[in-house]
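# Per-entry structural report
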Amino acid sequence: MAILSKIRNRSGLLLILIGFALLAFVVQDLFSNGFKSISKDVGSVNGKDIAYEDFRVKVANAEKNGQNGQQVTALQASNQVWNQEVSIALLTAEFEKLGLRVGEKHIVEVFKADPNIGQNPAFLDATGKFDVKKFKDYFKSNPEGIQILKEREKDAELNAKYQIYNSLVKGGLYTTEAEGKFKYEAEMNKVSFDFVTVPFSSIKDSDVKITDEEILAYMKTKEKKFKSEETRELDYVLIQEKPSAEDEAEVKNKINSLLTSRVEFKDGKNDTIPSFQSATNVADYVNQNSDIPFDSTYIAKQDLPAEHADKLFALATGEVYGPYMFSNYYCISKALGRKAGAKSKASHILISWEGTQVPNKKEKRTKEEAKAKAEGLLAQALANPSMFMILAMSNSDDSSAQQGGDLGYFAPGAMVKPFNDFVFNNPVGKIGLVETEFGYHIISVTDKQDAIRLATIAEKIEPSESTNDKIYTQATKFEMDAANKDFAALAKEAKLTVNPSVRVKPIDENFGQISNQRQIVKWAFAGDTNIGDVKRFEIANVGHVIAKLKKVTEKGLMSVEEARPQVEGLLKNKKKAEMIKAKMSGSSLAAIAASNKVIVMNAVDLTLENAAVPGAGFEPKVVGTAFSSKAGQVSKTIEGNSGVYVLVTKTVAKAPALPKYTDYVNKLKPQAVGNAGRFMQALKNDADIQDNRADFY
């Protein structure tokens, strides 16, 4: 009681101390984060915030549902939802600008396009068509589904508006008669000319210097092209958790011990443990001694470990092979028997009909028409089996048509029953016809493989606890030493490899060749991580990564160092062009060629569409100049893609005018249609998008 009383008497002091501790914690956090305010939004699009709570729920659903049946990480789900939210925000703003509205008819059409709704038997009439009344009545009788329907209606409304918007964009992109005429003339007008070229390669790169200031000035003329996101660059070493020679020897000895019988003292008496070869219950023996459970299936030679396949496949029943290495296991195998024709190889030609679940049918046909065609193809295949591949490529509705109908090797039961029975009940070379739910199959049995059944004891070679302790000690020592010493020199001294520098963005997840290492990326972008800082990260089943922050690049214009590989060559060619132009003077091509130690060349019947200058490559500026120059006159110098040119136009042959350029307009139309798909990226490029997800994930 006295103790409780003292606690009560001093509780005020205790609260004050706790208060000071909390204050210190908050102050420390403020300093470490640079007084950075913590947003409640994961980002914004043109000033419109995306709230974290709503975003978090959507990410959780995306993570749970996966993508195309594949499990996704929280960050992958976040990327998926973020892209959707940005697109929806940008499109919604566009819809509002245009005043787009949709009614029930539009929404119903979107619902009908959803197979879960439009093809649901509960919503179809007697003729198999979607019945709006049935759809509405269903939800009237199921009130709990009303909220779900409302959510679906929102999505459907957005989808309907998108379809209208997309149609408007496509409708605004068209090809004019004038463009068709230009296309025609670019293909058909021809020019012939003589020319002299001095290539940029005639001047050594080492003779032309490009300064950082020149690169920066060029970048500023094309800021959008050289826009850079915030990044961090890191060097790292990986110290893998891998078994030592002692660990490997221990596993090998254990496997070797199973090759001979031994006596063990157990339960007060000696117990004889049989060898693997003499064991009577092989399945139990394997399961008691192997990291991989007993597998009773027959295995074809091609599926055995390549290095040991010949010896394993040649084993007599009861014979043991090993120990041998396979992957990171030590193994011994015992032959349990052999089976002839365990796997078969076949090719087929599939002829389907309307109503079968086969996508991308080559043509529409009834079942009767399909049967007639299949029988005709069967007759051709029987008459000339060597033509089977060609017949499959040109007629089969199956994706295997690209491989001449070849389906590869497969085991019994892998194919539908009629197909399976034909292949496994007939010899190699047999060609026949069977019917399945997919259509009519003309089948050719092309090969059969024998298989062997093996009992294999496999023990994984893993690092022992002692080995892992040594690896941990090495990694922590390297981390501490690297804080004050040269990273590369220290790695060399420790016989470790410094991996190529990794550049990461704030919301990246993968790190170099090591996937899903969000922890390293978050550390690199933390407010209290500075250039030169080193940290060790323990990665399960991999080892230890010791990373060093090498460089910080803020959002804005790309650094000169990053841009140099893209820009330096262009700027060097610009300088080389000026140097070459100074020497390309003369009253004739022959004189210019002589002064530059090159020869006069000629180009015949070039077009703007095919602007490949002989011996020089694609040079549209040169060919364009030839078309616009007066015949017989020496042109001014032309700065091309590969060098500097001077030319003399000889002849220009213009194609006759056409009454209509419809064919050429039609050639250009697909390009215009393709451009319609670029509006989303254009909206993103012009938008002010703030991404704060790195604060939350």
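What you see is a predicted model, and the numbers here were worked out from it, not measured in a lab. Per chain, residue numbering runs from 1 following the sequence as it is written. Per-residue local features of the predicted model are confined to residues with pLDDT of at least 70, and side-chain atom pairs are confined, for both listing and counting, to 80 or more; whole-chain, interface and lining totals are unaffected and use all residues. Side-chain numbers here rest on the full set of heavy atoms in the structure, without hydrogens or water.

What follows is about the packing of aromatic side chains. Put simply, two rings from Phe, Tyr or Trp (the six-membered ring, in Trp's case) pair if the centres are within 6.5 Å, and we call them stacked under 30 degrees between planes, edge-to-face over 60, tilted for the rest. Summed over the entire model, instances satisfying the criterion amount to 24 aromatic pairs. Considering the side-chain rings of F123 and F135, the 5.1 Å spacing of their centres and the 90 degrees angle between planes classify their relative orientation as edge-to-face. Highlighted residues: F123 in the loop between α6 (115-118) and α7 (132-140) and F135 in helix α7, separated in sequence by 12 residues. Exposure class is identical for F123 and F135. Each is buried. What links up through ring pairs into an aromatic cluster is the set F111, F123, F130, F135 and Y138. In this structure, K334 is placed above the aromatic ring of F276, and the distance from its NZ or CZ to the ring centre is 5.9 Å. Directly above the ring of F313 sits R338, whose terminal nitrogen or CZ lies 4.7 Å from the centroid. Numbering of helices and strands starts at the N terminus; helices are DSSP runs of H or I of at least 4 residues and strands are runs of E of at least 2. A simple rule labels every residue: compare its accessible area, found with a 1.4 Å probe on the protein chains alone, to the largest value its type can have, and call it buried under 20%, exposed over 50%, or partly exposed in between. To sit over a ring, a charge needs its Lys NZ or Arg CZ within 6 Å of the ring centre and within 35 degrees of the ring normal.

By convention in these notes, a salt bridge is any Lys or Arg side-chain nitrogen within 4 Å of a carboxyl oxygen on Asp or Glu. A complete count under the given rule lists 38 salt bridges for this structure. A salt bridge links K183 to E609, with the shortest nitrogen-to-oxygen separation between them at 2.6 Å. Of this pair, K183 sits in helix α9 (residues 177-188) while E609 sits in the loop between β18 (601-606) and β19 (612-613); the two residues are 426 residues apart in sequence, bridging distant segments of the chain. On the accessibility criterion, E609 (42% relative accessible area) is partly exposed. K343 is the salt-bridge partner of D303, the closest N and O atoms lying 2.7 Å from each other. You can see D303 sitting in the loop between β8 (298-300) and α13 (309-313) and its partner K343 sitting in strand β10 (residues 329-351), a full 40 residues away along the chain. The network of salt bridges with common partners includes K183, E187, E609 and K667.

Moving residue by residue along a regular strand, the side chains alternate between the two faces of the sheet. Among the 23 residues that make up β10, 17 are buried, leaving the element largely enclosed by the rest of the structure. Relative to β10, strand β9 (residues 320-326) runs antiparallel, the two sharing five bridges. If you follow M325 over to β10, its bridge partner there is Y330. Two strands qualify as a pair provided DSSP detects at least 2 bridges between them. Of the strand pairs in this sheet, β10 and strand β13 (residues 439-460) are connected by 19 bridges, and their pairing is antiparallel. By the bridge assignment for β13, H348 is matched with I443. Here three bridges tie β10 to strand β11 (residues 406-410), and the two strands are oriented antiparallel to one another. The partner of K345 across the bridge, within β11, is Y409.

Turning to the side chain of E459, a few remarks are in order. As for its position among the elements, E459 is in strand β13. You can call E459 buried: its relative accessible area is 13%. For this analysis, a polar contact is any N or O atom pair within 3.5 Å, provided that within protein one partner can donate a hydrogen and the other can accept it, and provided that sequence-adjacent residues contribute only side-chain to side-chain pairs. A polar contact is formed between the side chain of E459 and the side chain of K254, at a distance of 3.4 Å. We call two residues in contact when some of their heavy atoms are within 4.5 Å. Residues within four places of E459 in sequence aside, it is in contact with V251, K254, I255, N289, D291, N328, Y329 and Y330.

For the rest of this paragraph, the subject is a nonpolar patch on the surface. A surface patch of nonpolar side chains, about 370 Å² in accessible area, is lined by M387, M389, I390 and M393. Tracing the sequence through the fold places M387 in the loop between α14 (367-383) and α15 (388-395). With a relative accessible area of 35%, M387 lands in the partly exposed category. Exposure above 30% relative accessible area and the lack of any salt bridge qualify a residue for a patch; like charges then connect within 9 Å, and the nonpolar side chains Val, Leu, Ile, Met, Phe, Trp and Tyr within 5 Å. Surface accessibility follows the Shrake-Rupley procedure with a 1.4 Å probe radius. Residue values consider only the protein chains on display as shielding.

On to the pairing of β13, then. Sheet topology places β8 next to β13; three bridges connect them, and they run antiparallel. The residue of β13 that forms the bridge with Y298 is R453. As judged from the six bridges shared by strand β12 (residues 431-436) and β13, these two strands associate in the antiparallel manner. Note that in β13 the partner of T436 across the bridge is G439. Hairpin connection from β12 to β13: two residues lie between these consecutive antiparallel strands.

Moving on, we get to the sheet that holds β18. The strand order β18-β3-β22-β21 describes an open sheet built from four strands, whose pairing is antiparallel. A strand with exactly one partner marks an edge of an open sheet, and here the two such strands are β18 and β21 (638-639). With 10 bridges connecting them, strand β3 (residues 190-199) and strand β22 (residues 643-653) associate as antiparallel partners. Residue pairing for β22: V191 is matched across the bridge by V652.

Once that is clear, we can look at the packing of helix α3 (residues 52-65) against helix α4 (residues 74-98). At their nearest, the axes of α3 and α4 sit 8 Å apart, and the two run at 120 degrees to each other. On the basis of their axis angle, the class for α3 and α4 is oblique. In this structure, α3 crosses over α4, and the sense of that crossing is right-handed. Across from F55, K58, V59, A62 and E63 in α3, the residues of α4 making contact are A74, A77, S78, Q80, V81, W82 and E85. Classes in brief: Ala, Val, Leu, Ile, Met, Phe, Trp, Tyr, Cys and Pro nonpolar; Asp, Glu, Lys and Arg charged; the others, Gly included, polar. Looking at the contact of α3 with α4 residue by residue, the classes come out as seven nonpolar, two polar and three charged. Fitted lines through C-alpha atoms give the axes, limited to the stretch in contact for helices. The angle between two N-to-C directions lies from 0 to 180 degrees. Roughly parallel here means an angle under 35 degrees, roughly antiparallel means over 145, roughly perpendicular means 65 to 115, and every remaining angle is called oblique. If you view the pair so one helix is near and one far, a crossing is left-handed when the near helix is turned anticlockwise from the far one by less than a right angle, and right-handed when it is turned clockwise.

Further remarks concern the side chain of E85. Among the structural elements, E85 can be located in helix α4. Here E85 falls in the buried class, since its relative accessible area comes to 17%.

To estimate how far a helix should reach, multiply one less than its number of residues by 1.5 Å. With 17 residues, α14 should cover 24 Å at 1.5 Å per step; its first-to-last C-alpha distance of 24 Å lies within 8% of that length. For α14, every residue scored as buried is listed here: A370, A374, L377, L378 and A381. The arc enclosing the buried residues of α14, seen along the axis, measures out at 110 degrees, which places them on a common side. Seen from the buried face of α14, the exposed residues on the opposite side, beyond 90 degrees, are E368 and A383. Check the buried side of α14 and you find it contacts β10, α15, β12 and β13. In this description, the arc belongs to the directions extending from the helix axis to the C-beta atoms.

Time to look at the layout of surface pockets. The computed volume of the second largest pocket comes to approximately 1,300 Å³. Of the grid points, spaced at 1 Å and generated over the protein atoms alone, those admitting a 1.4 Å probe that cannot get out make up cavities, while open sets with protein on both sides within 12 Å along at least five of seven lines make up pockets; any residue with an atom within 4 Å of a point is treated as lining. As for the second largest pocket, its lining consists of 38 residues, of which K58, E85, I88, D155 and L158 are closest to the centre. Elements represented by at least two residues in the lining of the second largest pocket include exactly β2 (48-51), α3, α4, α5 (104-113) and α8 (146-172). Looking at side-chain class alone, the lining of the second largest pocket contains 17 nonpolar, seven polar and 14 charged residues. Grid points are joined across faces, edges and corners, and a volume is the space filled by probe spheres set on the points.

In sheet architecture, strand pairing relies on hydrogen bonds along the backbone and comes in two forms, parallel and antiparallel. Judged by pairing direction, the sheet is antiparallel, and its three strands sit side by side in the order β2-β1-β23 without closing on themselves. Looking along the sheet, the strands with just one partner apiece sit at the ends: β2 and β23 (689-691). Taken pair by pair, the neighbouring strands of this sheet meet at an average axis angle of 20 degrees, ignoring direction. With four bridges connecting them, strand β1 (residues 41-45) and β2 associate as antiparallel partners. Residue S44 lies in a different strand from β2, and its bridge partner there is D49. On the sheet, α4 packs against β1, β2 and β23 and is oriented at approximately 35 degrees with respect to β1.

Here we come to the packing of α9 against helix α23 (residues 662-675). Two numbers describe how α9 lies on α23: the axes approach to 8 Å, and their chain directions differ by 100 degrees. Considering their axes alone, α9 and α23 lie roughly perpendicular with respect to each other. The segment α9 lies against α23, with E177, E179, G180, K183, Y184, E187 and M188 engaging Y664, V665, K667 and L668. Residue composition of the contact of α9 with α23, by class: five nonpolar, one polar and five charged.

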